[in-house]
Each structure stands twice: as structure tokens, then as C-alpha cells.
Amino acid sequence: MTSLFVDMGHDWSSKAIITALDKKGVSLRTLEQELGLRANSIRNVFYRRVNCYQEAIAQAIGVNPAVIWPSRYHREKHKSA
């Protein structure tokens, strides 16, 4: 069923991320408040790599950030090799 919303090996869409957070009872605004951010700041994670935002979102969903953003983490493995 997950494959309807997420293509394995591809970054999740913003809608898939928001839906996954919603299923956990967490909103982007809640995460922003927990991190002490201004409203809508965390949405930058949908456009660019922001490690602390990625980590907070992934932790709230209950997965590793590399599951949500494989393109952002796949390159790291090749750099260290």
C-alpha cells in the first residue's frame, strides 16, 4: 500500500511526508514550535537539505532520514568511499 504514495529509492513528496506526520499526530507547526522555529521555516526541508529538520521529521515519523530523502544520503556513502 505504501507504494501508492512513495516510490522506493526516491525522495518522498511533501504530501507523503505531511500525511505520515499526520498519521503520527504531529504537524509541521508542532515540530517548528519544538525546534523554536518561525512559522513555515521547516518547509525549507522540502527544497534543500537541512539536517536538523530532516532528523526531526524522520524521528517524528519513526524512520531514518535516509528513508525519506535517499537522494540526500546516497551521495554521502560514495563520498566517504
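Participant: Lay out the packing of helix α2 (residues 28–35) against helix α3 (residues 51–61) in plain terms, naming residues and giving numbers.
Facilitator: Taken N-terminus to C-terminus, the directions of α2 and α3 make an angle of 125°; their axes are 11 Å apart at the nearest point. In terms of orientation, α2 and α3 fall into the oblique class. By crossing handedness, the relation of α2 to α3 is classed as right-handed. Contact residues: α2 offers L28, L31 and L35, while α3 offers Y53, A56, I57 and A60. Taken together, the residues of the contact of α2 with α3 break down into seven nonpolar, no polar and no charged.

Participant: Account for the environment of W69, with residues named and values stated.
Facilitator: Note on placement: W69 falls in the loop between α4 (65–68) and α5 (70–80). Exposure remark for W69: the relative accessible area of 2% places this residue in the buried category. For the pair W69 and Q54, spaced 15 residues apart in the sequence, the C-alpha separation amounts to 8.3 Å. Not counting residues up to four positions away in its chain, the partners in contact with W69 are D11, I17, V45, Q54 and I57.

Participant: Please provide a residue-by-residue account of the side chain of R72, values included.
Facilitator: Relative to the elements of secondary structure, R72 occurs in helix α5. Buried charge without a partner: R72 forms no salt bridge, and the closest opposite charge is D11, 4.5 Å away. Here the side chain of R72 touches Q54 through a polar contact of 2.6 Å, side chain to side chain. With sequence-adjacent residues up to four places away left out, R72 is seen in contact with D11, V45, F46, Y47, R48, R49, V50 and Q54.

Cut-off values and rules
Residues numbered from 1 in each chain as written. Predicted model: local features only at pLDDT ≥ 70, side-chain atom pairs only at ≥ 80, totals over all residues. Heavy atoms only, no water. Axes fitted to C-alpha atoms, helices over the stretch in contact; angles between N-to-C directions. Helix = DSSP H or I, 4+ residues; strand = E, 2+ residues; numbered from the N terminus. Parallel < 35°, antiparallel > 145°, perpendicular 65-115°, else oblique. Left-handed = near helix turned anticlockwise from the far one by under 90°. Contact = heavy atoms within 4.5 Å. Nonpolar A, V, L, I, M, F, W, Y, C, P; charged D, E, K, R; others polar. Buried < 20%, exposed > 50% of the residue type's maximum accessible area, 1.4 Å probe, protein only. Lys, Arg positive; Asp, Glu negative; His and termini not counted. Salt bridge = Lys/Arg side-chain N within 4 Å of Asp/Glu carboxyl O. Polar contact = N/O pair within 3.5 Å; in protein donor to acceptor, adjacent residues only side chain to side chain.

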